[in-house]
Amino acid sequence: MVSWIKFLAHNTQPDYKLLAKKTNRIQLITLRVSHYVEFARWCLQLGNKSFDEHGFAPGQHVLPVLSVRIDKYTGKLNISDSACVEKLQKSNNNTKKSNKSSRATAVPVAVLPSGELLLDSWAIANYSGLKPIEDLELKRLLDAEIAPLARQLCYSILFKSKFKKLLNQILIDGTGILWRIIWFLFAGNYVIKLLIKTFSPYDNEAVQTCKDDLKNAVNKLDDYVINKKTRYLSGDKPGVSDIALASLLSPILNIKEYNNGKYMKYFTVVESKDDEFKELVEYYRNTASGQLAIDIYTNYRHANSI
């Protein structure tokens, strides 16, 4: 990690560890639009955990996240093997290698009042008090297949030329005037290029592979849903596995309750103007997994606790 970036991270950002200690509240650093963040945030809310969310736009989040992940005194970089962004692979035969630089700025990350860090969505979800996920293969399926593929496919739609303005609006939603100026001067072009490099939305072969892989992944997830013995995967009420399923599948379900409805104004437009997205949403909503996700969102997204 370049030393000047470390310097900026620790000298331009709030001390989130000190803030967590002073307020006795979890400090949650996020990308507002992220479905990994939705998963963690929702679990904390249902677990009735007190937290303050510090939400950022893509690019804007880098220094705040690094200020938490890089120890101020030892310089140690605290990263997770989960929730990482990797460049799209066109085939399942390709070996995916974790990208350390992307994991360094991965969100969410949380700081507890004790000073302990929770390095990814799963750690945060398990801390929430909800019934933790026990099936490691189900966790791998949700984290390594469902989540990145659903996001990938959603971006392939949003990068269509007719949504250029809308995509910018989504990515800077909730930001102040200063960041919007920075975004339109130079940061936006950099972030957009990085997203294109990561998700290859204009590579037809890559997009088709993503579609095929997601359909196969959801078929595997459907088996879990169909064979469950209780209303939810975790029992009679949702646990971590259920909230993960609903959140991480959400990009291609276009659920109005996502992040308490903050992005529905954008995705309503996308669904109304793009037949491909409309067909994808309809298909995945009608899967066993999609139906369970809708049930969980409808009954529990606005709940304060379980």
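Residues numbered from 1 in each chain as written. Predicted model: local features only at pLDDT ≥ 70, side-chain atom pairs only at ≥ 80, totals over all residues. Heavy atoms only, no water.

Draft legend 1. Layout of the state of the cysteines. Counted by the stated rule, this structure contains 0 disulfides. Among the cysteines around C154, which has no disulfide bond, C210 carries the closest sulfur, lying 10 Å off. (Disulfide = S-S within 2.5 Å.)

Draft legend 2. Inspection of the packing of helix α10 (residues 204–227) against helix α14 (residues 288–300) at higher detail. Running from N to C, α10 and α14 cross one another at 65°; their axes reach a closest spacing of 7 Å. Mapping the contact onto sequence places V218, L221, D222, V225 and I226 in α10 and A288, S289 and L292 in α14. Of the residues belonging to the contact of α10 with α14, the class tally is 6 nonpolar, 1 polar and 1 charged. (Axes fitted to C-alpha atoms, helices over the stretch in contact; angles between N-to-C directions. Helix = DSSP H or I, 4+ residues; strand = E, 2+ residues; numbered from the N terminus. Contact = heavy atoms within 4.5 Å. Nonpolar A, V, L, I, M, F, W, Y, C, P; charged D, E, K, R; others polar.)

Draft legend 3. Inspection of the sheet that holds strand β4 (residues 117–118) at higher detail. The 4 strands are arranged β2-β1-β3-β4 in an open sheet whose pairing can be described as mixed. Of all the strands in the sheet, just β2 (51–56) and β4 have a single pairing partner and so form its edges. The sheet contact formed by strand β3 (residues 109–111) and β4 spans 2 bridges and is antiparallel. Bridge assignment links A110 to a residue of β4, and that residue is L118. Here helix α2 (residues 16–23) sits on the sheet and contacts β1 (26–31), β2, β3 and β4; the angle it forms with β1, its principal contact strand, is near 135°. Running at roughly 55° to β3, helix α4 (residues 62–69) makes contact with β1, β2, β3 and β4 of the sheet. (Pairing = 2+ DSSP bridges.)

Draft legend 4. Just the nonpolar core, in detail. In terms of nonpolar packing, the biggest core is built from 67 residues, with F39, L142, I146, L248 and F267 touching the most fellow members. With 12 residues, the single largest contributor to this core is helix α7 (residues 136–158). Beyond its immediate chain neighbours, meaning those up to four positions away, L142 contacts W122, I133, A147, P148, L221, S241, A244, L245 and L248. Residues A20, L31, V68 and V111 belong to the second largest nonpolar core, which totals 12 residues. (Core = buried A, V, L, I, M, F, W, Y, C linked by side-chain atoms within 4.5 Å. Buried < 20%, exposed > 50% of the residue type's maximum accessible area, 1.4 Å probe, protein only.)

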